[in-house]
Structure formats: structure tokens, C-alpha cells
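For reference, the chains in residue letters:
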Amino acid sequence: MSNPSRAVLVIHGGAGTIRRESLTPEQEDAYHQGLRTALRHGHLVLAAGGSALDAVTAAVMALEEDPLFNAGRGAVFTSAGENEMDAAVMDGRDRRAGAVAGICGPRHPILAARAVMERTEHVLLAGEGARRFCREAGLEHMDPSWFRTERRWAALQEELERRRQALPDDGDPARKHGTVGAVACDAAGNVAAATSTGGMTGKTPGRVGDSPVIGAGTWADNTTCAVSGTGHGEFFIRYAAGHEIDARMRWAGLGLAQAADAVVLDLLGPVGGSGGLIAVDAQGHVALPFNCEGMYRGVVGADGVLRTAIHREDFRVETA
Ligand code: ASP
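Residues numbered from 1 in each chain as written. Predicted model: local features only at pLDDT ≥ 70, side-chain atom pairs only at ≥ 80, totals over all residues. Heavy atoms only, no water.

With that settled, consider the overall build of the chain. Along the chain, the regular secondary structure elements total ten helices and 13 strands. For 320 residues, the compact-globule formula gives about 20 Å, and the C-alpha radius of gyration of the chain, at 18 Å, lands near that figure. Taking the principal axes of its C-alpha atoms as reference, the chain extends roughly 60 × 45 × 40 Å. A total of 320 residues make up the chain; the buried ones form 58% of that total. Counting only contacts in the chain whose residues sit at least 6 apart along the sequence, the fraction spanning at least 24 positions is 67%. Carbon and sulfur atoms form 52% of the exposed surface of the chain, whose accessible area is close to 12300 Å². Between the mean site of the 32 positive side-chain charges and the mean site of the 40 negative ones, the chain shows a separation of 1 Å. (Helix = DSSP H or I, 4+ residues; strand = E, 2+ residues; numbered from the N terminus. Rg over C-alpha atoms; globule rule 2.2 N^0.38 Å. Buried < 20%, exposed > 50% of the residue type's maximum accessible area, 1.4 Å probe, protein only. Contact = heavy atoms within 4.5 Å. Areas by Shrake-Rupley, 256 points an atom, 1.4 Å probe, with all protein chains shown as cover. Lys, Arg positive; Asp, Glu negative; His and termini not counted. Charge placed at Lys NZ, Arg CZ, Asp CG, Glu CD.)

And the structure:
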């Protein structure tokens, strides 16, 4: 039954040790601005009665377009100095899912993931086959130089230098990672998730993170929840983070917030799986736990109020 008041969209722009002192007020404003733009794009879809799937796609497209975030334009580089992007989308109505791994070409990797879901009988396409599929699907392509930002290139040089000198890793994610994602519940009570990333700075070419792995960094099922993760992808894969939240709701009867907190704070945190995630259920409840210093994040409900935050409890509030 349609119930517009439960419609809600949650987004993230990456998690990690985002040190307050390393962000100027201008940079902080720019991140909030980028998050608000993405919330507006997704909210427009939900407010017009659109589906959660279309809302998360629209929000992630906006984040991919913003060079501040590590997805699409502004993606980080592999150790070989190339961009290899991963993305996934999942529809909670029927567990349909699509994902791509290790691609560079489509302006919006999330549309490539959606094309895999809608136009093939597969879930995950990788490498050269994925690139060919994207071209044949007629997706808008950009030259590799379009994705390149000086900031990410400098971050790669710093990381390579650190490795040459065998210095300890300070784990600064502003330099190393990020990811963008969105989850939504629409008026009909359907949930969906979308995640897109450049991965981690200096990753080995061919490395695939958690974002395109269904059940790890991306998950959606109407009977439980939709989840999009960000953080040290290898841990999210090993602990099947998204599906683990589903399992705790489904089999242990936990509520959304309880299950999401348990996975991020009690499961991933203690083993060194730094990061966070966003989640919604089909009643429109939301959870945004993280076990590190900050997570770029935002929420907009049926009231159209845009709430964005970077660190703990520093939500800025603006009307759409
Ligand atoms: N989870 C992403 C990956 O491992 C990176 C991140 O979210 O920071 O590819």
C-alpha cells in the first residue's frame, strides 16, 4: 500500500579517519554541498512517486559526477596509474542485481551496473568483457583524462613514495579511499541499494572491492533491508557485511538499527574492518553506523529536509 510518509533516501560519500583539522571550512562546505545535491536528485524521484531503484540511481549519478568523491569523475588510481571502477545496484523487490568491476569508460558506472541488471542474464561483469558490454549498450563514455583529478594523482604519488620508503601507513582515507552509495525506501515500501567506487589508491590492478560484490558492499531485499557499505572492502567481503545485516534481521529478529550497529561496531570494528554503511528497511527506518572518525552522509525523508554530516552528530539541516 502506498504511504508517501515512509519514503526516505540515505546516501554516503565514503568513510574513514576524516580528520577535522585536515578539512578547511571551505572544503567542509563543498562536501556538504555535494551531498545535498545528490539528496535533491534522489528526493525529486521519490517525491514524484518514483521507485527506490530510480532514486538511488539518481543520487549515485550525482555523486559520481562530483570530483570530490571517489567514484566516476575523481576516482582514485591503481598502482599502475589507471582508474578501475566498481559499481553495483540491487532491487529489493525481487533481488535482481547488476554489477561491474574494473571498468573505465562509462561516465556513470552505476548506469553500467544497471544495464547489466536490466539487459543481461548475469549479475557481475568484469574487465574487458564488461567494457565491451558498456560500449555496446550505448552508455555515454568519457576519455580516461575526464576521470583524472590532480588531487587523486598526487595521492597516488604520495602512496607510491610511502611504499618506496617503506614508511608506515597513516591510513588517511582522504588520500586512499572513499566510495559513494545510496539506499532508499519508496512510498510503496520497496527498497533498493546502489554503490559506486574507484576502490583504494594504489590498489593492485585487477583488485575488486566489496562494492560490486552482492551481499558484501551492496544488498537489498524488501523483507529485511537495503545496504550500501564503505570502508576497507576486503573485510566487508570476508564478513559478508550487507547480507549479515539481513541475516540478523531475518533469523534473529533484530531491528534495522540493532542489526546494522552490531555488524559495523561489534563485528567489523574489532577485526580491523574500518568503515561504515547506510541502511533502510521497508518501513522507512534508517541506520548510518560507522566505526571510524567520520563518514560523509546525508538523509532526506518525505518532509524534504536535507540532513548532511561528516563527523559525529554534526548534521547540517537545509530544506530542499
Ligand atoms: N569499500 C571500497 C573498496 O574497498 C573503498 C571505500 O569504501 O573506501 O573498494
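In this numbering, the UniProt entry assigns the feature "binding site: substrate" (unreviewed entry) to Arg207, Val208, Gly209, Asp210, Thr230, Gly231, His232 and Gly233. Mapped onto the elements of the fold, arginine 207 is located in the loop between β6 (191–197) and β7 (218–220). Judged by its relative accessible area of 15%, arginine 207 is buried. Sequence-distant contacts of arginine 207, that is, excluding residues within four places in its chain, are made with Glu84, Gly199, Met200, Gly233 and Glu234. (UniProt positions renumbered as here; feature names shortened; annotations may be inferred.)

Further remarks concern the sheet that holds strand β8 (residues 226–231). Read across the open sheet, the four strands follow the order β7-β8-β9-β10; overall the sheet is antiparallel. Pairing within the sheet leaves two strands with one partner each, and these edge strands are β7 and β10 (286–287). Here helix α9 (residues 241–252) sits on the sheet and contacts β7, β8 and β9 (275–280); the angle it forms with β7, its principal contact strand, is near 30°. Set on the sheet, helix α10 (residues 256–268) makes contact with β9 and β10; between it and β9 the angle comes to about 165°. (Pairing = 2+ DSSP bridges. Axes fitted to C-alpha atoms, helices over the stretch in contact; angles between N-to-C directions.)

Another point: the sheet that holds strand β13 (residues 316–319). Spatial strand order, β4-β3-β2-β6-β5-β1-β11-β12-β13: nine strands in an open sheet with mixed pairing. Strands with a single pairing partner mark the edges of an open sheet, and in this sheet they are β4 (124–126) and β13. In this sheet, adjacent strand axes meet at a mean angle of 10° when their direction is disregarded. Sheet topology note: the strand β3 (residues 96–103)/β4 ladder contains three bridges and is parallel. The residue of β4 that forms the bridge with alanine 101 is alanine 126. This element, helix α4 (residues 127–136), spans β3 and β4 of the sheet and lies at about 110° to β3.

The next thing to look at is the pattern of salt bridges. Two side chains bearing opposite charge may form a pair once their charged atoms approach each other closely. Taken as a whole, this structure holds 22 salt bridges when the rule is applied. One salt bridge in this structure joins arginine 250 and aspartate 246, with 2.8 Å as the shortest N-O distance. You can see arginine 250 and its partner aspartate 246 sitting in helix α9, four residues apart, about one turn around the helix. (Salt bridge = Lys/Arg side-chain N within 4 Å of Asp/Glu carboxyl O.)

Each aromatic ring pair is summarised here by two numbers: the centre-to-centre distance and the angle between the ring planes. Going through the model one piece at a time under the given rule, you end up with five aromatic pairs. Ring centres of tyrosine 31 and phenylalanine 69 lie 5.6 Å apart, and the angle between their planes is 70°; this geometry places the pair in the edge-to-face category. On the criterion of sequence distance, the pair formed by tyrosine 31 in helix α1 (residues 25–47) and phenylalanine 69 in the loop between α2 (52–65) and β2 (85–91) is long-range, its members being 38 residues apart. You can call tyrosine 31 buried: its relative accessible area is 5%. Each residue in the set Tyr31, Phe69 and Tyr296 is aromatic and connected to the rest through ring pairs, giving one cluster. The cationic tip of arginine 148 hangs over the ring face of tryptophan 153; the distance from NZ or CZ to the ring centre is 4.4 Å. (Phe/Tyr/Trp six-rings, centres within 6.5 Å; stacked < 30°, edge-to-face > 60°. Lys NZ or Arg CZ within 6 Å of the ring centre and 35° of its normal.)

Once that is clear, we can look at the UniProt feature "active site" (unreviewed entry) in the chain. Following the UniProt record, the feature "active site" (unreviewed entry) maps to Thr179 here. Along the chain, the position of threonine 179 falls in the loop between α7 (173–176) and β5 (180–185). Threonine 179 gets classed as buried once you look at its relative accessible area, which sits at 5%.

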